[in-house]
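Structure assessment
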Amino acid sequence: MEKIRSAGADLFVAGPCFEAGRYGMAAGALCAAVQSQLGIPVITGMSVENPGVDLYRDALYIIDSGTNAARMREVLGKMAGLGKKLVGKAPIGLPADEGYVCRGLLRDQVVEQTAAQRLVDMLVAKVKGEPFESEMASTSFEPVPMPSGIKDLSKARVMLITDGGLVPKGNPDKIYGTAATRWGSYSIEGRDDLRGEEYEISHGGYDARFVQEDPDRLVPLDALREMEKGGVIGKLHDEFISTSGRANPLSNTRRLGREMAAKAKQEGVDAVILTST
């Protein structure tokens, strides 16, 4: 901050960060600090699924950079154009016009049609299959078909997976507590419960003391062993999978999920119990 202050800068630029999560979070934190403490206009660029967007979209102008550096020339042009407006205190247009990520803010505007008229026009267009643009765009996800149910749990192999960041002491797979890029698989063969002194938590999003006291509160090995012995389930898989789900972009969590599912399928797992914080 002192170096930036002494430079006498008129504009602070960070990025573009594309899909690099840690880069995005660092750029967002720096921009927020410079903007609030020094009063200097700031601008950065990120993919919409970068975790930095979720953390800083309401406070900063973040140019939508896309996912990789192939669009560098175009992205830098948009950052320069918006940066020039910020320095000159010129009016900033809508996200679609300026190229920045929607900030989730509502802006009053005088228009010719009332809200009711605009709503009816959108509804008619939707019924007719014509293009229209909602004024309140919502996040959409691809539908995931539900698999068929387990016919007989007493014969099923069940696996435990958690996004609560439980890992053996020393975190052998170096799973980050925020924006994790990998997952780990850990043996529970021959064990009836998990002991806190043998595990740690790599997750920055919740008070982990209660899990540290008794890891079975997050990864319920003790309860599943009872169900296994009682014949409720056929077999508890000898490994559990763990990662951290905090501040993770959808593109990354989809990849992690596909990798975990592939392992479960390869190991002959019939059902998964996923625990979160």
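Report on the accompanying structure. (Residues numbered from 1 in each chain as written. Predicted model: local features only at pLDDT ≥ 70, side-chain atom pairs only at ≥ 80, totals over all residues. Heavy atoms only, no water.)

1. A short note on the nonpolar core
Heads up, the condition is: In these notes, a set of buried Ala, Val, Leu, Ile, Met, Phe, Trp, Tyr and Cys residues joined through side-chain atoms within 4.5 Å is what counts as a nonpolar core. Only protein chains enter the area calculation, which uses a 1.4 Å probe; residues under 20% of their type maximum are buried, those over 50% are exposed, and those in between are partly exposed. Segments assigned H or I by DSSP are reported as helices when at least four residues long, segments assigned E as strands when at least two residues long, and all are numbered from the N terminus. Contacts are assigned to residue pairs with any non-hydrogen atoms lying within 4.5 Å of each other.
Counting 20 residues, the largest nonpolar core has Leu166, Leu194, Val219, Leu236 and Phe240 as its most contacted members. Looking at this core, the elements with two or more residues in it are β4 (157-162), β5 (166-168), β7 (199-201), α8 (221-229) and β8 (235-242). Once you skip the residues sitting within four places of it in the chain, Leu166 turns out to touch Tyr186, Leu194, Tyr199, Glu200, Ile201, Val211, Pro215, Leu218, Val219, Phe240 and Ser242. One finds Phe12, Ala27, Val42 and Met46 within the second-largest nonpolar core, a separate group that totals 16 residues.

2. Here's the deal with the sheet that holds strand β1 (residues 12-14)
To be explicit about the condition: A pair of strands is considered paired only if DSSP assigns at least 2 bridges between the two. Axis definition: a line fitted to C-alpha atoms, limited for helices to the stretch in contact. Angles are taken between N-to-C directions and run from 0 to 180 degrees.
Reading across the sheet, the 3 strands line up as β1-β2-β3 and stay open at both edges, with parallel pairing between neighbours. The open sheet has two edge strands with one neighbour each: β1 and β3 (62-64). Across the sheet, the mean angle from the axis of one strand to that of its neighbour is 20 degrees, orientation sign disregarded. In terms of strand pairing, strand β2 (residues 42-46) meets β3 through 3 bridges, oriented parallel. By the bridge assignment, Thr44 is partnered in β3 with Ile62.

3. Observations regarding the pattern of salt bridges
Heads up, the rule is: When a carboxyl oxygen of Asp or Glu lies within 4 Å of a side-chain nitrogen of Lys or Arg, that pair is called a salt bridge.
With the rule as written, the count across this model stands at 16 salt bridges. Ionic pairing is found between Asp192 and Arg225, a salt bridge with its closest N-O pair at 4.0 Å. Of the two residues, Asp192 is situated in the loop between β6 (184-187) and β7 and Arg225 in helix α8; the sequence distance between them amounts to 33 residues. Residue Glu267 is joined to Lys263 by a salt bridge in which the shortest nitrogen-to-oxygen separation is 3.2 Å. Take Lys263: its relative accessible area is 15%, and that puts it in the buried class. Beyond isolated ion pairs, a larger network of salt bridges with shared partners links Asp192, Arg225, Glu228 and Lys229.

4. Some points on the environment of Lys84
Relative to the helices and strands, Lys84 resides in helix α4 (residues 72-87). Owing to a relative accessible area of 68%, Lys84 belongs among the exposed residues under this scheme. In the structure, Lys84 is positioned 74 residues away from Asp10 in sequence and 9.9 Å away in space, judged by C-alpha atoms.

Function cannot be read off these values alone, since they describe shape.
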